[in-house]
Every structure is written in C-alpha cells, then in structure tokens.
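# Secondary and tertiary structure notes
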Amino acid sequence: MREIEMPGKYNPAAVEAGRYDKWVQEGRFKPSGNAKARPYSIVIPPPNVTGKLHLGHAWDTTLQDMLIRQKRMQGFDTVWVPGMDHAGIATQAKVEQRLAEEGVSRYDLGREKFVEQVWDWKNEYASTIKAQWGKLGLSLDYDRERFTLDEGLSEAVRKVFVTLYQKDLIYRGEYIINWDPKARTALSDIEVIYKDVEGAFYHVKYPFTDGTTLDGKDYIEIATTRPETMFGDVAVAVNPNDPRYQSIIGKTIKVPLVEREIPVIADEYVEMDFGTGMVKITPAHDPNDFEVGNRHNLERINTMNEDGSMNERAGKYVGMDRDDARKAIVADLTDAGWMLEVEPYTHSVGHSERTGVVVEARLSTQWFVKMKPLAEQALAMQASEDRVDFYPPRFEDTFTRWMDNIHDWVISRQLWWGHQIPAWYHKTTGEMYVGMEAPSDPENWTQDSDVLDTWFSSALWPFTTMGWPDENSADYQRYFPTNTLVTGYDIIFFWVARMMFQSKEFTGRRPFKNVLIHGLIRDEEGRKMSKSLGNGIDPMDVIEKYGADALRWFLATGSTPGLDVRFSYTKMDAAWNFINKIWNASRYVIMNLTDTTSSAQPELANLSLADKWILSRLTATIDSVEKNFDKFEFGEAGRALYNFIWNDFADWYIEMTKETLNGDNEAAKAVVQNVLAYVLDQTLRLLHPIMPFVTEEIWLTMPHEGDSLVSAAYPVVNEAYRNPAAEADFQSLIDLIKAVRTIRTEANAPMSTAIDVMIKTDDAKLQAIFNANADYINRFVKPKQLLIGADIVAPKLAMTQVISGAEVIVPLAELIDLDEEIVRLQGEIKKFAGEVKRGQGKLGNEKFVNNAPAAVVAEEKTKLADWEAKLAATEARLAELKAAK
C-alpha cells in the first residue's frame, strides 16, 4: 500500500485552507485566451453593498460557479464577471441608521461628507463580500470586477439617460407617486409591499352650504380610511348615472374643521354599488383622484411634508406626524359632531420594501421612463430567434404579464447616494439642460439633486460590464450577449425584465441566452428567513462547521428549478457524510495504487465482469450528469452522482476489487488498479464543479500528471464502455448477493453463521455468470457450500428468494420456522401478482401500445415476463412447502 497524506476522516477546514488564494494567484479563473474556443460568459447578479451575503446569495452563486467551472473544463473560453451594486436607498438607509446611533443626520454632514461616509461603508462591506466569495470557492475573474457607481458604468448610465431623453422616452412631470416618508424618496410600484392592516372606515358629515337636503339630511356621508388627508379634498364625486344623486351635482359642501367649500362633481370613476356611492376627491394624495382632478381641472392640495408630517395646509395640525394627526382629527370630528361612525376595517396598505414604513401617495415632480415602446420591443424580441429562454418556462408568463400591463417607471429618487441625474437648471432663466457633461459655465447652473433608481443602472449590467458603450471593446465583442443569468423569481420584475428591455433598446440584442430562475431559501418549517423571525442562517457559519463543499452540494442538489428549498442541519449532516464517503473511498483507492498506475482509459481487453460493469455505469453517469446540467436540473445530476459514487463505486465495485488486490495475480491487479484510478479520476472531474475543494485535494494526491482540476478536461461519454449486457449480468450477481443477505437477515443468521447456498436456474447463461464469479459470491455471501444448477431440489426447511431467472435457496433446518416461511412466500406472491396485473393492464391498453415508443413497449413486455416468472417460481415453492407440511 502507498504511503499517502490523507487522514482517515474528511476535515474540510484542512482541505480548504489556502486553496482558493492559490487558484486566484495562479490565474486559474481567467479566460483561456483560446480564440478558437467557444465563449461562455456569466455576469454575477451584483449583491448590494448593504451587508454580508446570505444563504440566498450562496445558492445563487453556487449554481453559477457550477456552470462556469463545468464549461471551463469542457474547453469553453469562459469568463465570470464579478461586481457589486451601490443599492441606492438600501445602502443610504444603512449608513443613516449608523449615523443616527451616533446622533448625526445626513443633513448635519451635508451631501459631500455624507457620500464620503457611504463610500467608506461600501469599501468595508465590499471587502467582506469578496472574502465570502472566496470561502464559497467562486471562480470569478477579479480583473474584470465592476461596481454600479464606477467610472465606466457611470458614463454608460449618463449615455442611456440622455439617449432616452432625446428620444422622448424619459420625461419630467408632476404625478402621484409612491413616497417613502422615512427615506424621503419616491418608490416605484414594485418597491411597495402590501400588507393587511387593521384600520377603520371613518364616516364623516360633509354639510351642504346652501340649505340643500338629501333624503331629509343637510349633509352627505363620506367614508374614508385617511381622515388626515381631508384638508386636501377639492371635490366630492358621484357617478353621473346614479339616480340617487342627480339633484346634488353642482351643489357645494363644506370640508369639516376647515370650512372650505368644494363642489359635488359627476365622474364615471365612482362605483355606484360601493359604499355610499360618493367619494371625496383628493388629487394630491391618491392616484385615482389625481386622474379625476385632471379631468375636472381641480386644484391639487398637498397637506404633508416629505417626512410624513402635516404641513401648513393642515391648519392647526401643522407639524404633527400623520398618525398623531389622524388621532387628533378623529377626536375633533367626534367632538364637533361631524363623526357619524367609526367602522373597523381590514385593508391592504402599501409599505416601503426598504424601510418598512407605510407609503404615501404623494404629488411630486419626478423623472419617468415611458415604458410602452420599450415593453413592446422586449415582447417582440421574445417572438424572435434572439429570445431569452426561461427555466422553468412558466416564468416567461410572469415576465409577459408584467410587460403587457406595465406603467411608466418613476426613476428619480430623492437620495444623495447614487447616479445623480444628468440634468441642470439655469439659475436665472430656469432653462433645463440634459447632457453627458455639465454645462460649460457651471457657475450659472444647478444640477438636479435627485439620483436615479438603483435598478436603472442595474438594468444595464450585462452589457456595461463588458465595456459598453464602447461597442468595439474586446469583451463586448467576445462575450456579449452573455450565456446564462441565474437569479431568484422575486426579482423578475425588478431586474430581469429591465435588463431585457434596456439591452434590446441599446444593443439590439438579448442580454443573455438563458435565465435560470430559482426559489427562496426557507427554514425547516418552510418560513422565509428574516431578522424578525430570528431564523436567518449565516452561510459562513455553515461553512465553518461543514465546509464549503457540503454547503454547495446541499444547495446544488436540494431542489428543482423555480422551487424553494428548505435549509436543515439534518441535510447538511447528510451532505458531509456523503463527502466523507467520497473521501474514504478515494483514500482506499489511492492507497492501493502504485506510483506508476495510469488513470488513462483502460483497454477493453482483460476486463472482468465487474470492470466492464463499473465502466458502463460510469458512462451512463457522465451522460446523465451532462444532460441534466444542460437542462439546469442539478438535483437530477446530483442524484445520478450520488447513486453512482455511493452504491455502484463504493459499495459494490471497490468491495469487488479487494479479492483481486489481495491476490497474487499481478497482471489482474494492474488492470484493476487502472480501472480504479480511471473511474476515480473521472468521478472527481464530474464532481469538481459542485465540490471544487475536496475534489482538487483528492485529485492532486493521485499518481498522474496535471496541476489542477480547475482546467482539467471534463469527462465525455465513451461509447465503447457502454455495455448493457455487462450491466444486466452484474445486476444478476447483485440480486443474488442481496437475496442471500435478505435471507440471512430474516433468519437471523449473521455472516459468521455457516449456511449452504443453492442457486436453482435452468438459464445456462446465468449458470455461467455465477460460476465465473464464484469468488465474488464467496466473498460477499460466505457460503459453507455453493451449489449452482438446474436440478437442485430445495429441502423442506429452507428459505427462498426469487430473482430474475433463478431461485436462491438457503437450507436452514435449524433456524427456519416453516409456518413463517409460508406466510412470507404468500406476501411475495401478493407483491408479484400485483406487478403482473399492473403490467398486463398497461399492455392491454391499446392507447399505450399504439402510441408509446416501440422500445418502451418492449421494455414493459420484458418486465411483465420477469414478474410472471418470479410469480410462478414462488407459487411452485409455496406448493412444495405446503405439501411437505
């Protein structure tokens, strides 16, 4: 046995220590530079520089790393571009929170000093994120690292803004927008999360001003959930077709508490069968009221400040927080006799995705992208050859529905951290200028203080990271469009759709060929991980305990595309156990090789049945893994690898080789060593994209040429090794061994108990297989006497197992209970009869027989014949026992 430095137990910390830094220093993750190789590129979904990476990031990037590592090994010219997102509102909120803990606000610092503080934050967390990338083993090309606020991307953002503005696809206007009063900025529709909130309908009297009555009352009843906005009321609307209110259209009423007169107007927006059929119109605080106000040329009265407090238009409530003002107004309406009823009501209320506060609908002047033309282009692209393929395909419907019903995109944010809008206003004339650079006389101009929505720059990520707007850049020419985007289903609207329409608009091409959509990481109970639940898992803690490869294995194989995955430490234990199995199997193999053992493809001559079987099983596994990777079915690829490594290679083939390795036939030993080395080598290569650390460690311990698996050739199917006959023959051996083991277990006869084994078969081929492999049978079954033949007569007291083509009989006169054996055989007969009935039913179905492929029908017929033979043999044995009894 060779002396090797492989401990008897897998230690991930020792295996992974220093490995990543060595890969980076050696330039292992750079493109090959082979101009003849097919390019394959991925851009990382840039994590926000708001904090550390979470398990979702680990999942997302592990899948990307698996793809890029496999393609690199397959000879593609690969590049995986790393980068991070400045994450405007999210990062600014984090820094403001840190400053608040020190008693400082951004206004105390001023814009320039505050932005310096955010850059310091960015640099701190960018270093943390890069260290985490290293812990995960991500094969990123750091020479190409980008940041959404770096100089190149800033130039691209300005070009996109100016171009869209010149094409009248960006405009500035006063509209009702979603407003975050904590961050004091506008939000897009998809940055608003709706939650059910316990509130109330406040039924309030609005009195007529001229003595008019309605149903004997000198007032009308208005129900509202937002009494604090009533100071912005400019009308009450009824449906023009509502017969109840024809007489009051054109009349005037008073707004309670402020005594301001407003008209009653008619507008078809009002639903006659909802509530009282009368609604107050507040154009500055409701998007629907805004449209009604435009149709009727109504005043827009904004009653709130940017921070959600009441302004001077709210009368005596000026300066009060909106929630406090509501309570005071309700109390005053009640005291003054204006409140008719307070009706409890649960309704859906928008909250800021970033700060969590209730969003206000607020009248504001903002910048917008006109979305309809861009959406139409993107949808047309999906009907062309340059389409983006979604995996799973159902998520394309999500994209299409959103694009079909898209609203104009509010892109301005009232923040200091981000891409400042390239628009300037003349200090004297008020003239507006939009351009790539500031005006030539900047002292007379003031730049728009707003910044762009984070997603505006993120939408350009696939092509700006490749050098655009320089369309002659080498990376843009070589690697764009990119090949695969990996991301979660929760940002299809935010990011995927925006990349698609911006890429089509500015490059004329799709941004990526494929988009692989995964789900969310949940806890064991299926709950979303969150700070409030305290169920978040730090991936670095998992790596410290189990190693990166175990985490990667769990993330890679734990779900199917598009579905969520539940994290559990039980699954992590199983992942670690699997790697430990690989480690121990590899250690055994390597210890039994010589320094000159070749891991080259074994010659077909001189191979045993076991050798032919394992090479055929390896071939099938390579085929399955590659096909499933191509379909992004990593769970299926993982199952194929697991079954091959644990069952076929470790539990069967390695055990089979011990007979030869411990023998004296040096020629046979050399053949087995070559097969072991080759199969282990190919298996490590297959596993490497998923488990880069442990496979590299084991592979470098083997006797072969090569200095890293990172750039080693990926396995390819060798059709010469496909051997269905060898697989079937060897399966008969496995079935035989399992049958005897089952009998031993049921008879409570351990391996130390001497038993005779009789194999009854009239199949000459089976007899030859069992006789030729008697050494294996003896090793795994340990019979006192082994009899193989067609004329074997089972003794009265024996246990039997029926396998395909044979009956395995173990005489156990002193151990067996005849009655129990009869009951067991009756159970077997019931099982076999069920399978026969199922097969007959399937083959009796004309639709199946006529429409299924011929090979499938033939396979079903073979299965049925096998079950029928097993049933007949078991029934015959049962009859013998009953007769003997």
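Analysis parameters
- Residues numbered from 1 in each chain as written.
- Predicted model: local features only at pLDDT ≥ 70, side-chain atom pairs only at ≥ 80, totals over all residues.
- Heavy atoms only, no water.
- Helix = DSSP H or I, 4+ residues; strand = E, 2+ residues; numbered from the N terminus.
- Rg over C-alpha atoms; globule rule 2.2 N^0.38 Å.
- Buried < 20%, exposed > 50% of the residue type's maximum accessible area, 1.4 Å probe, protein only.
- 1 Å grid on protein atoms, 1.4 Å probe; cavity = no way out; pocket = protein on both sides within 12 Å on 5 of 7 lines; lining within 4 Å.
- Points joined across faces, edges and corners; volume = space filled by probe spheres on them.
- Nonpolar A, V, L, I, M, F, W, Y, C, P; charged D, E, K, R; others polar.
- Domains from an automatic or database assignment.
- Contact = heavy atoms within 4.5 Å.
- Pairing = 2+ DSSP bridges.
- Axes fitted to C-alpha atoms, helices over the stretch in contact; angles between N-to-C directions.
- Left-handed = near helix turned anticlockwise from the far one by under 90°.
- Phe/Tyr/Trp six-rings, centres within 6.5 Å; stacked < 30°, edge-to-face > 60°.
- Lys NZ or Arg CZ within 6 Å of the ring centre and 35° of its normal.
- Polar contact = N/O pair within 3.5 Å; in protein donor to acceptor, adjacent residues only side chain to side chain.
- Expected span 1.5 Å × (residues − 1).

### A word on the overall build of the protein chain
- For the protein chain, the helix and strand inventory stands at 28 helices and 29 strands.
- Its C-alpha atoms give the protein chain a radius of gyration of 37 Å, more than 25% over the compact-globule value 29 Å for 885 residues.
- For the protein chain, the C-alpha atoms occupy an extent of roughly 115 × 70 × 55 Å along the three principal directions.
- Every one of the 885 residues in the protein chain was classed for burial, and the buried ones make up 54%.

### Some words on empty space enclosed by the protein
- Considering all chains together, one arrives at 6 cavities of 30 Å³ or more under this definition.
- Approximately 100 Å³ is the volume attributed to the largest cavity.
- The wall of the largest cavity is formed by 15 residues, among which Leu63, Ser559, Thr560, Pro561 and Phe634 lie closest to the centre.
- The set of elements that each furnish at least two residues to the lining of the largest cavity consists of α3 (55-73), β23 (512-518), α17 (548-557) and α20 (634-661).
- Here the residues of the lining of the largest cavity are counted per class, giving 9 nonpolar, 5 polar and 1 charged.
- Looking at which domains feed residues into the lining of the largest cavity, each of domain 1 (13-158 + 458-552) and domain 3 (565-722) supplies at least three.
- If you add up the space inside the second largest cavity, you get close to 50 Å³.
- Lining the second largest cavity we find Ile582, Ala585, Ser586, Ile645, Phe649, Leu680, Thr683, Leu684 and Leu687.
- Taken together, the elements giving at least two residues each to the lining of the second largest cavity come down to α18 (569-591), α20 and α21 (666-687).
- Counting residues per element, the lining of the second largest cavity draws most heavily on α21, at 4 residues.
- Looking at the lining of the second largest cavity, its residues break down into 7 nonpolar, 2 polar and no charged.

### A look at the environment of Gly536
- Structurally, Gly536 is set in the loop between β24 (521-522) and α16 (539-546).
- As for Gly536 and Lys182, which are separated by 354 residues in sequence, their C-alpha atoms are 25 Å apart.
- When sequence neighbours within four positions are dropped, the list of residues in contact with Gly536 reads Met529 and Ser530.

### Considering the domain arrangement of the protein chain
- Under the domain assignment, the protein chain is made up of domain 1 (13-158 + 458-552), domain 2 (194-359), domain 3 (565-722), domain 4 (741-814) and domain 5 (818-884).
- Look at where the C-alpha atoms of domain 3 and domain 5 centre, and you get two points 36 Å apart.

### A few points about the sheet that holds strand β16 (residues 409-410)
- The sheet built from 4 strands is open, its strands ordered β6-β5-β14-β16 with antiparallel pairing. The open sheet has two edge strands, β6 (185-187) and β16, and neither has a second partner.
- Summarising the sheet, strand β5 (residues 170-180) and β6 pair through 3 bridges and their orientation is antiparallel. Counted as the bridge partner of Trp179 is Ala186 from β6.
- The sheet strands contacting helix α8 (residues 287-296) are β5 and β14 (360-369), and the helix crosses β5 at an angle near 140 degrees.

### Regarding the packing of helix α19 (residues 609-630) against helix α23 (residues 724-746)
- Contact pair α19 / α23: the axes reach a minimum separation of 8 Å and the direction vectors enclose 115 degrees. The element α19 and its partner α23 pack so that their crossing is left-handed. Seen from α19, the contacting residues are Leu609, Ala610, Lys612, Trp613, Ser616 and Arg617; seen from α23, they are Pro724, Ala726, Glu727, Asp729, Phe730, Leu733 and Ile734.
- Here the residues of the contact of α19 with α23 are counted per class, giving 8 nonpolar, 1 polar and 4 charged.

### Focus: the side chain of Ser732
- With respect to the helices, strands and loops of the structure, Ser732 is situated in helix α23.
- According to the relative accessible area criterion, Ser732 is buried, its value standing at 12%.

### Describing the sheet that holds strand β12 (residues 278-281)
- Strand order in the open sheet formed by 4 strands is β10-β11-β9-β12, with mixed pairing between adjacent strands. Every interior strand has two partners, whereas the edge strands, β10 (252-255) and β12, have only one. Averaged over all neighbouring strand pairs, the angle between strand axes comes to 35 degrees, with direction disregarded.

### Looking at the packing of aromatic side chains
- In this structure the tally under the stated criterion is 49 aromatic pairs.
- Taking 5.5 Å as the distance between ring centres and 25 degrees as the angle between the ring planes, the aromatic pair formed by Phe231 and Tyr317 counts as stacked. Here Phe231, found in the loop between β8 (219-224) and β9 (235-238), pairs with Tyr317, found in the loop between α8 and α9 (322-335); they are 86 residues apart in sequence, far enough to count as distant. Of the two residues, Phe231 and Tyr317, both sit in the buried class.
- With a centroid separation of 5.9 Å and 35 degrees between ring planes, the pair formed by Phe390 and Phe399 is classed as tilted.
- Judged by its relative accessible area of 4%, Phe390 is buried.
- Its relative accessible area of 0% is what places Phe399 among the buried residues.
- Cluster of aromatic residues (ring-pair linked, three or more members): Phe161, Tyr165, Trp367, Trp409, Phe456 and Phe501.
- Looking at Lys658, its charged tip hangs above the ring of Tyr588, at a distance of 5.3 Å from the centre.

### Section: the environment of Ile537
- Among the structural elements, Ile537 can be located in the loop between β24 and α16.
- Distance from Ile537 to Ile809, taken between C-alpha atoms, is 54 Å for residues 272 residues apart in sequence.
- When near neighbours in sequence (up to four residues on either side) are disregarded, Ile537 contacts Leu55, Met529, Val542, Phe567 and Tyr569.

### Section: the side chain of Ser708
- For Ser708, the position within the fold is in the loop between α22 (692-701) and α23.
- With relative accessibility at 3%, the residue Ser708 sits in the buried group.
- Of note is the side chain of Ser708, whose polar atom sits 2.8 Å from the side chain of Glu696.
- At 3.1 Å, the side chain of Ser708 forms a polar contact with the backbone nitrogen of Val710.
- Filtering out sequence-adjacent residues up to four positions away, Ser708 remains in contact with Trp23, Arg28, Glu696, Trp699 and Leu700.

### A few points about helix α4 (residues 88-101)
- Relative to the 20 Å expected for 14 residues at 1.5 Å per residue, α4 spans 20 Å between its end C-alpha atoms, a close match to the ideal helical length.
- Among the residues making up α4, those that are buried are Gly88, Ile89, Ala90, Thr91, Gln92, Val95 and Leu99.
- Elements in contact with the buried residues of α4: α5 (106-109), α6 (111-136), β5, β6 and α12 (454-458).
- Two residues or fewer after α4 comes Gly103, characterised by a positive phi angle close to 75 degrees.

### Description of the pairing of strand β18 (residues 423-426)
- Burial along β18 is two-sided: Ala423 and Tyr425 facing one way and Trp424 and His426 facing the other are all buried.
- Sheet topology note: the β18/strand β19 (residues 432-434) ladder contains 3 bridges and is antiparallel. Within β19, the position partnered with Trp424 by the bridge is Tyr433.
- From the end of β18 to the start of β19, which pair antiparallel, there are 5 residues, and Gly430 there has a positive phi angle of about 80 degrees.
- In terms of strand pairing, β18 meets strand β20 (residues 445-447) through 3 bridges, oriented antiparallel. The residue of β20 that forms the bridge with His426 is Trp445.

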